[in-house]
Amino acid sequence: MTINIENKVVALAGLIAHGREEAFDYILGENTTKSAMEAITAAAAMLLLADHPILSVNGNVAALSPGELVELSNISGAGLEVNLFHRQPGREEAIDKVLRMNGAKTVLGIGAAASARIDEIYSDRRRVDPKGIFKADVVFVPLEDGDRTEGLVKMGKKVITVDLNPMSRTVQFANISIVDNFIRVMPLLISEVERLQKRDKVELEKIVSMFSNSKVLSDAMNVMKNRLGKLAEIGVFVELNTSM
Ligand code: PTJ
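Since this is a predicted model, take the numbers as computed values, not measurements.

What counts as what
- Residues numbered from 1 in each chain as written.
- Predicted model: local features only at pLDDT ≥ 70, side-chain atom pairs only at ≥ 80, totals over all residues.
- Heavy atoms only, no water.
- Near = heavy atom within 4 Å.
- Polar contact = N/O pair within 3.5 Å; in protein donor to acceptor, adjacent residues only side chain to side chain.
- Areas by Shrake-Rupley, 256 points an atom, 1.4 Å probe, with all protein chains shown as cover.
- 1 Å grid on protein atoms, 1.4 Å probe; cavity = no way out; pocket = protein on both sides within 12 Å on 5 of 7 lines; lining within 4 Å.
- Sits in = over half its atoms within 2 Å of the grid points.
- Helix = DSSP H or I, 4+ residues; strand = E, 2+ residues; numbered from the N terminus.
- Nonpolar A, V, L, I, M, F, W, Y, C, P; charged D, E, K, R; others polar.
- Expected span 1.5 Å × (residues − 1).
- Buried < 20%, exposed > 50% of the residue type's maximum accessible area, 1.4 Å probe, protein only.
- Arc of directions from axis to C-beta.
- Patch = residues over 30% accessible without salt bridge, like charges linked within 9 Å, V, L, I, M, F, W, Y side chains within 5 Å.
- Salt bridge = Lys/Arg side-chain N within 4 Å of Asp/Glu carboxyl O.
- Axes fitted to C-alpha atoms, helices over the stretch in contact; angles between N-to-C directions.
- Parallel < 35°, antiparallel > 145°, perpendicular 65-115°, else oblique.
- Left-handed = near helix turned anticlockwise from the far one by under 90°.
- Contact = heavy atoms within 4.5 Å.
- Pairing = 2+ DSSP bridges.

Peer 1: Mind showing me how you'd approach the site of the ligand here?
Peer 2: Close contacts around the ligand come from 22 residues, with Arg-20, Gly-59, Phe-85, Arg-91 and Arg-125 the closest. Within the contact set of the ligand, an oxygen atom lies 3.3 Å away from a backbone nitrogen or oxygen of Leu-143. Note that a nitrogen atom of the ligand is positioned 3.0 Å from one of the side-chain N or O atoms of Asn-181. Protein chains bury 93% of the 730 Å² of accessible surface belonging to the ligand in isolation. At a threshold of 2 Å from the grid points, most atoms of the ligand map onto the largest pocket. Looking at the shell around the ligand, the elements with two or more residues in it are helix H1 (12-28) and helix H3 (59-64). With five residues, H1 is the single largest residue contributor to the shell around the ligand. Tallied by class, the residues present in the shell around the ligand amount to eight nonpolar, seven polar and seven charged.

Given below as structure tokens:
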């Protein structure tokens, strides 16, 4: 599925978020960097260590990689919960349908099921499912707004995010930030979960404890800075791509 607003899966603001992503991906070089891969490995380990992991699904991620979200849920044991910033009528149901068409058996957070309230969050996202985000210890919140990430962290939850903007409040607050395009991240995250599935708890804990979010953010900014520096020197984008 592509990013369009006709079927209600993606909010109008989702188109703006998508445009921002394209700009950052251009600067990053449209590749998964070494430090993004480190973050993906740490995220896989954190999901496997969790007692109640939840994958939070918004309109953009449901449109971009629905099949991979269901696959990640199946192999990691994490629940799928629809949690929207823009709760226009019909959107939750449209996203529920997309996930079920891609094989999801259970989707949390739809309609009255989102009966719990998180006081630390001020947007519509505060309404969550008591069986899902409310009791989760680890929450995967890709393409997220900063307030919610901060709220979840304040509640003592571990937060994993995906965001191409290394300066967003979300990546600053999250425990593990993957600065990469969501569509590149999902297949890699699935294969890392598969690879680490048989490792023991001590080894997984070591991967998580060795991970530094600030180092990963600094690396992402350096990759962008260096690419822009090269581009400024050469002045021709085509040459930049072949010379790096
Ligand atoms: O479906 P809803 O109602 O829950 O709304 C979803 C959006 C994305 C509209 C909502 O969460 C929102 O407004 O988010 P923001 O504050 O625009 O933040 C989204 C972040 O995700 C921005 O920093 C974008 O650069 C980033 N982003 C967008 N698309 C991708 C991305 N990062 C990685 N991969 C992408 N494909």
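Structure's up, so let's keep going.
Peer 1: What should I look at first to understand H1 in this one?
Peer 2: Counting along an α-helix, one turn takes 3.6 residues, and residues three or four places apart therefore face a common direction. Over its 17 residues, H1 extends 25 Å from the first C-alpha to the last, a length consistent with the 24 Å expected when each residue adds 1.5 Å. Burial in H1 covers these residues: Gly-14, Glu-21, Phe-24, Asp-25 and Leu-28. Down the axis, H1 shows its buried residues gathered within 100° of arc, on one side only. In H1, the exposed residues that point more than 90 degrees away from the buried face are Leu-12 and Ile-16.

Peer 1: Looking at this structure, how should I read a nonpolar patch on the surface?
Peer 2: Together, Ile-5, Leu-12 and Leu-15 make up a nonpolar patch on the protein surface, roughly 260 Å² of accessible area in all. The topology assignment puts Leu-15 in helix H1.

Peer 1: What is the right way to read the packing of helix H2 (residues 34-49) against helix H10 (residues 213-234) from this model?
Peer 2: When two helices pack together, their arrangement is captured by the angle between the axes and the distance separating the axes. Where H2 contacts H10, the two axes come as close as 9 Å, and the packing angle between them is 150°. Judged by the inter-axis angle, H2 sits roughly antiparallel to H10. Taken as a pair, H2 and H10 cross one another with a handedness that is left-handed. Listed contacts from H10 to Ser-35, Glu-38 and Ala-39 of H2 are Lys-215, Val-216, Asp-219 and Ala-220.

Peer 1: So what exactly am I meant to see when it comes to the pairing of strand S1 (residues 53-57) here?
Peer 2: For a regular strand, side chains alternate in direction, first toward one face of the sheet and then toward the other. The buried fraction of S1 amounts to five of the five residues, a majority that puts the element mostly inside the structure. Where burial is concerned, the two faces of S1 agree: the one with Pro-53, Leu-55 and Val-57 and the one with Ile-54 and Ser-56 are both buried. For S1 and strand S5 (residues 138-140), the ladder comprises three bridges, and the chain directions are parallel. The residue bridging Leu-55 from the neighbouring strand is Phe-140, located in S5. Pairing geometry for S1 and strand S2 (residues 79-82), over four bridges, is parallel. Residue pairing across strands places Val-57 opposite Val-82, the latter belonging to S2.

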